Amino acid sequence: MIRHLRRPVLFTLAAGFVGFLGVGAAAAQSRGLDLSQLLPEGTGSASGRIIQFVAMITVLSLAPGLLIMVTSFTRIIVALSFLRAGLGLQTTPANIVMISLALFMTFYVMGPTFDAAWRDGVQPLTQNEISEEEAYERVTEPFRAFMLSHVRPADLELFADLAGVQPSDAQSVELRMLIPAFMISELRRGFEIGFLVLLPFLVIDLIVATLIMSMGMMMMPPTIIALPFKILFFVLIDGWNLLIGSLVRSFT
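Residues numbered from 1 in each chain as written. Predicted model: local features only at pLDDT ≥ 70, side-chain atom pairs only at ≥ 80, totals over all residues. Heavy atoms only, no water.

**Q** Sorry, what's going on with the packing of helix α8 (residues 153-163) against helix α9 (residues 175-214) here?
**A** Two numbers describe a pair of packed helices, the interaxial angle and the distance between the axes. With their axes 8 Å apart at the nearest point, α8 and α9 run at an angle of 140° to one another. As far as their axial angle goes, α9 and α8 are oblique. As for the relative orientation of α8 and α9, their crossing is right-handed in sense. Across from D155, L156, F159, A160 and A163 in α8, the residues of α9 making contact are R176, M177, L178, P180, A181, I184 and S185. (Axes fitted to C-alpha atoms, helices over the stretch in contact; angles between N-to-C directions. Helix = DSSP H or I, 4+ residues; strand = E, 2+ residues; numbered from the N terminus. Parallel < 35°, antiparallel > 145°, perpendicular 65-115°, else oblique. Left-handed = near helix turned anticlockwise from the far one by under 90°. Contact = heavy atoms within 4.5 Å.)

**Q** Would you mind showing me how to read the packing of aromatic side chains here?
**A** Two aromatic rings, taken as a pair, are described by how far apart their centres are and by the angle between their planes. Applying the stated criterion across every chain, the model contains nine aromatic pairs. Ring centres of F146 and F182 lie 5.9 Å apart, and the angle between their planes is 65°; this geometry places the pair in the edge-to-face category. Separated by 36 residues along the polypeptide, F146 in helix α7 (residues 132-150) and F182 in helix α9 bring together distant segments of the chain. The exposure class assigned to F182 is buried, which follows from its relative accessible area of 0%. Each member of the aromatic cluster is reached from another via a ring pair, and the members are F104, F107, F114 and F143. Between R75 and the ring centre of F251, over which it is positioned, the NZ or CZ distance is 3.9 Å. (Phe/Tyr/Trp six-rings, centres within 6.5 Å; stacked < 30°, edge-to-face > 60°. Buried < 20%, exposed > 50% of the residue type's maximum accessible area, 1.4 Å probe, protein only. Lys NZ or Arg CZ within 6 Å of the ring centre and 35° of its normal.)

**Q** I'm lost on helix α11 (residues 239-249) in this one. Help?
**A** Two residues of an α-helix separated by three or four positions point the same way, owing to the 3.6 residues in each turn. Burial in α11 covers these residues: G239, L243, I244, G245 and L247. Where the residues of α11 are buried, they touch α4 (73-87), α5 (95-109), α9 and α10 (222-236).

**Q** What's the story with the side chain of D155 in this structure? I'm lost.
**A** Inspection of the secondary structure puts D155 in helix α8. At 3.1 Å, the side chain of D155 and the side chain of R152 are in polar contact. If we ignore the near neighbours within four places in the chain, the residues touching D155 are A181, I184 and S185. (Polar contact = N/O pair within 3.5 Å; in protein donor to acceptor, adjacent residues only side chain to side chain.)

**Q** So what exactly am I meant to see when it comes to the nonpolar core here?
**A** Most often, soluble globular proteins have nonpolar side chains that are buried together. Within the largest apolar cluster, 40 residues are counted, with the highest numbers of intra-cluster contacts made by M147 and L178. When residues of this core are traced back to their parent elements, those giving at least two are α4, α5, α7, α8, α9 and α11. Those residues within four positions of L178 in sequence are excluded, and the remaining contacts are R144, M147, L148, V151, L156 and V173. (Core = buried A, V, L, I, M, F, W, Y, C linked by side-chain atoms within 4.5 Å.)

**Q** Looking at this structure, how should I read a nonpolar patch on the surface?
**A** On the surface, V203, I207, L211, M215, M217, M220 and I224 cluster together to form a nonpolar patch covering roughly 650 Å² of accessible area. Among the elements that take part in the nonpolar patch, α9 stands out by supplying three residues, more than any other. Its location among the elements puts I224 in helix α10. (Patch = residues over 30% accessible without salt bridge, like charges linked within 9 Å, V, L, I, M, F, W, Y side chains within 5 Å. Areas by Shrake-Rupley, 256 points an atom, 1.4 Å probe, with all protein chains shown as cover. Salt bridge = Lys/Arg side-chain N within 4 Å of Asp/Glu carboxyl O.)

**Q** Mind showing me how you'd approach the environment of H150 here?
**A** Turning to its location among the elements, H150 is positioned in helix α7. Through-space distance from the C-alpha of H150 to that of F182 is 7.2 Å; in sequence the pair is 32 residues apart. Among all residues touching H150, those that are not within four sequence positions of it are R75, F182, S185, E186, R189, S250 and F251. Among the polar contacts listed, one links the side chain of H150 to the backbone oxygen of F251, at a separation of 3.1 Å.

**Q** What should I look at first to understand the pattern of salt bridges in this one?
**A** Any two side chains of opposite charge can pair, given that their charged atoms come close. Taken as a whole, this structure holds five salt bridges when the rule is applied. A salt bridge links D155 to R152, with the shortest nitrogen-to-oxygen separation between them at 3.1 Å. Salt-bridge contacts for E192 lead to R188; the nearest nitrogen and oxygen are separated by 3.2 Å. Taken together, the positions of E192 and R188, both in helix α9 and four residues apart, correspond to about one turn of that helix. Overall, the relative accessible area of 42% leaves R188 in the partly exposed class.

**Q** Looking at this structure, how should I read α4?
**A** Taking 1.5 Å per residue, 15 residues should reach 21 Å; α4 reaches 21 Å between its end C-alpha atoms and fits that length. Counting buried positions over the 15 residues of α4 gives 13, a clear majority of the element. Remark: G88 follows α4 within two positions and exhibits a positive phi of approximately 85°. (Expected span 1.5 Å × (residues − 1).)

Shown next, in the form of structure tokens:
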């Protein structure tokens, strides 16, 4: 019940905050105060700044979802999850370690994209050199180019057919079709990498299970004996270096 009440309460608080600002502005005008004096020159009206503030808070609240949808995070975290499953470790490395590693790898891979979005879109907007509409186009353009370079044509055609739209070229693809197609492509590549990661560990499990069965130790779980061999194998081949390097190179 608390979950159902959470959203209405947030909306009520937001509406009350906006109403409070409106009442304060009306009271200031009735007393002969000029609200424009409280704002630096060129920043627009008070209502415009309030709208920008609310939009900024909304974007920040959606930032984790956007990070997953339009960046390399999906492929990386899926591959790391397959690695932990192949080793047979349920909680090692911990979830916070896996997610932090995936996040920093995402920042590394997406560094040029983030820099281009900040330089061409966000920074001119904060300096009031461009409008919000133009800033949106400039910010989304680097992410659009990144997704177009990694999306599978078959997935893009799927969502284009579902939407009943046939774009004339790749640059005219709408984000509502490009983002889900990109996510499906990343999931597919993540599973492909995960399959390759699981193969050597599966071979070790089969060898250990065969040896245990041949010795007649029916009650001994093969995973207990195979676990140290899999960890030793992964350390000897420098598995973290190989996996992380392969993941980064898959985006270049």
